[in-house]
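Observations on chain architecture
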Amino acid sequence: MHDYFLSAIVLLVVIAVGVKSASIFITPFNIPFYKLYNPAESKLAIKQPTTRDRIADHGYPVEHHHIVTEDGYILGVFRIPYSHKLQNEKEYRPIVLIQHGLMGGSDAWVSVGPNDALPYMLVDSGYDVWLGNGRGNTYSRNHTSRSTDKTDFWCFSWHDIGYYDIAATIDFTLKINGQGQKSIHYVGHSQGTTVFFTLMSLRPEYNEKIKTAHMFAPVAIMTHMKNQLVRLLSFFLGHTNIFSVLLSNMEFLPYNRNILTMISNICGHNRLLRPVCVYIVQKFYNGRRWNKTALSEGIGVLPAGCSTNQILHYLQELQSGHFRQYDHGPKKNQEVYRLKHPPDYPVEKISCKVHLWYSDNDVMTSVEDVLAFAKRLPNKELHHIEDPKWDHDDFALNMKLRTYLNEPVIEIISNFEKSLN
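Residues numbered from 1 in each chain as written. Predicted model: local features only at pLDDT ≥ 70, side-chain atom pairs only at ≥ 80, totals over all residues. Heavy atoms only, no water.

1. Describing the overall build of the protein chain
The helix and strand inventory of the protein chain stands at 16 helices and 11 strands. When burial is assessed residue by residue, the protein chain has 58% of its 421 residues classed as buried. Considering only contacts within the protein chain whose residues lie at least 6 apart along the sequence, 78% involve residues at least 24 apart. Accessible area for the protein chain stands at about 17700 Å²; split by element, carbon and sulfur atoms hold 55% of it. (Helix = DSSP H or I, 4+ residues; strand = E, 2+ residues; numbered from the N terminus. Buried < 20%, exposed > 50% of the residue type's maximum accessible area, 1.4 Å probe, protein only. Contact = heavy atoms within 4.5 Å. Areas by Shrake-Rupley, 256 points an atom, 1.4 Å probe, with all protein chains shown as cover.)

2. A few points about the pairing of strand E6 (residues 184–189)
Within E6, 6 of the 6 residues are buried, leaving the element largely enclosed by the surrounding structure. The alternating pattern of E6 places Ile184, Tyr186 and Gly188 on one face and His185, Val187 and His189 on the opposite face, and all of these are buried. Judged from the 4 bridges that link them, strand E3 (residues 95–99) and E6 form a sheet pairing that is parallel. Paired with valine 96 across the two strands is histidine 185, which belongs to E6. Examined bridge by bridge, E6 and strand E7 (residues 210–216) share 5 bridges and lie parallel to one another. If you follow tyrosine 186 over to E7, its bridge partner there is alanine 213. (Pairing = 2+ DSSP bridges.)

3. Examining the packing of aromatic side chains
How two aromatic rings sit relative to each other is given by the distance of their centres and the angle of their planes. Counted under the stated rule, the structure contains 22 aromatic pairs. Pairing phenylalanine 78 with tyrosine 139 gives two aromatic rings, centres 4.9 Å apart and planes at 80 degrees, and the pair type is edge-to-face. Residue phenylalanine 78 is found in strand E2 (residues 73–80), and its partner tyrosine 139 is found in the loop between strand E4 (128–131) and strand E5 (142–143); the two are separated by 61 residues along the sequence. Overall, phenylalanine 78 belongs to the buried group, its relative accessible area being 1%. Under the relative-accessibility criterion, tyrosine 139 is labelled buried at 13%. Where phenylalanine 323 meets phenylalanine 373, the ring centres are 5.9 Å apart and the plane angle is 90 degrees; that geometry is what we call edge-to-face. Of this pair, phenylalanine 323 sits in the loop between helix H12 (308–320) and helix H13 (330–336) while phenylalanine 373 sits in helix H14 (residues 367–374), and the two are 50 residues apart along the sequence. Across this residue pair, the class does not change: phenylalanine 323 and phenylalanine 373 are buried. Here the aromatic residues Trp158, Tyr186, Phe196, Phe197, Tyr314, Phe323, Tyr345 and Phe373 are joined through ring pairs into a cluster of three or more. When the ring centre of phenylalanine 156 is taken as reference, the NZ or CZ atom of arginine 135 above it lies at 5.7 Å. (Phe/Tyr/Trp six-rings, centres within 6.5 Å; stacked < 30°, edge-to-face > 60°. Lys NZ or Arg CZ within 6 Å of the ring centre and 35° of its normal.)

4. Quick notes on the nonpolar core
Ranked by internal contacts, the top residues of the largest apolar core, which has 66 residues, are Ile170, Phe196, Phe197, Ile210 and Val354. The dominant element in this core, judged by the number of residues it contributes, is helix H5 (residues 158–177), at 8 residues. Residue contacts for phenylalanine 197: discarding those within four places in its chain leaves Met215, Pro218, Val219, Ala220, Phe323, Ile350, Val354, Leu356 and Phe373. Listed in part, the 33 residues of the second largest apolar core include Phe78, Ile98, Val112 and Ile413. (Core = buried A, V, L, I, M, F, W, Y, C linked by side-chain atoms within 4.5 Å.)

5. Points about helix H16 (residues 401–420)
Between its first and last C-alpha atoms H16 spans 28 Å; for 20 residues at 1.5 Å apiece the expected length is 28 Å, and the two agree. Here the buried face of H16 lies against helix H4 (118–123), E6, E7, strand E10 (353–358), strand E11 (380–384) and helix H15 (394–397). (Expected span 1.5 Å × (residues − 1).)

Below, the structure is given as structure tokens:
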């Protein structure tokens, strides 16, 4: 969600404020900065609901799987295999993978409840629904050989989430489904779109594994982003300099299970102080347009964690005007890419059908950038949200999410499946 992205920018500016350094390569420091503000975890006798708990509370069957990527990260993903309402576990159920945005996780997709949340609507329409989690967030904090206490665990950007995590998740869903399916439907929001574009352009063989792809608030080209604070900070942190190097390879806002758990237990479902929490959140957010249940549910689960490199990579995109790979600085770029500047993603290789869902009031994804990016895609369809106030977070929280977005998406997916018969 863009509110967390903006919060990240505000915190990063504390270090970056001052003088813009020349673009030079500096050897990354192996300093555990996270320990300066990551208090020791205490053992509290309280439990924070997981995505699995939230889904099960509504009566749906749910599974929690772990996927090991090619580079050793262990991802926690959730599956709603069939609908308890339809009792269709023995029927053919096409796969749909849903991927979260920056600093988000699988919890965000189910927070608006079974009547309006896309995963529930899809499973009740006969689909096998999977909720992905990128490396570094609440459910994906393990590795076969690295510890979250070390900087090498956090040495990744959204590039790696796309190239490795999404690829591994797609392959895993096809294997576990057990119905001989060769391809899936994909839905992503914000960073969930960026990682999709990354994978499909660099590993074009994965296009054959996609039936339809739905990009909510697609983020790739960022030239016309409207938020002035982000634009200002990209001037300082959108290059490789002493500030960006100091901030690289770290966990952003180190995860503290007990703090989030306490918040969840105070503001969670059926908690005494939940009305107070909802009231407070509505004072800071757009309560009239957003689902109240989702707002209060999100208090205890967001932000879900990420690497500072993910934020820095986006700032590089804004500063360069390109949709391209991570900029390590001239010296390391020569080692990694054999180029002075990182290469652009070859998005012209994305051959699968891509549906771009965008709006006029999105401060993170401008109409101009969406249209410019769409021109480079060989097989796309544009969907303009007619609500003039629809913004970046409306794609996850709007009261009319079902009407404006979910029902049309499900109709497109279902029509595709019907065309196969």
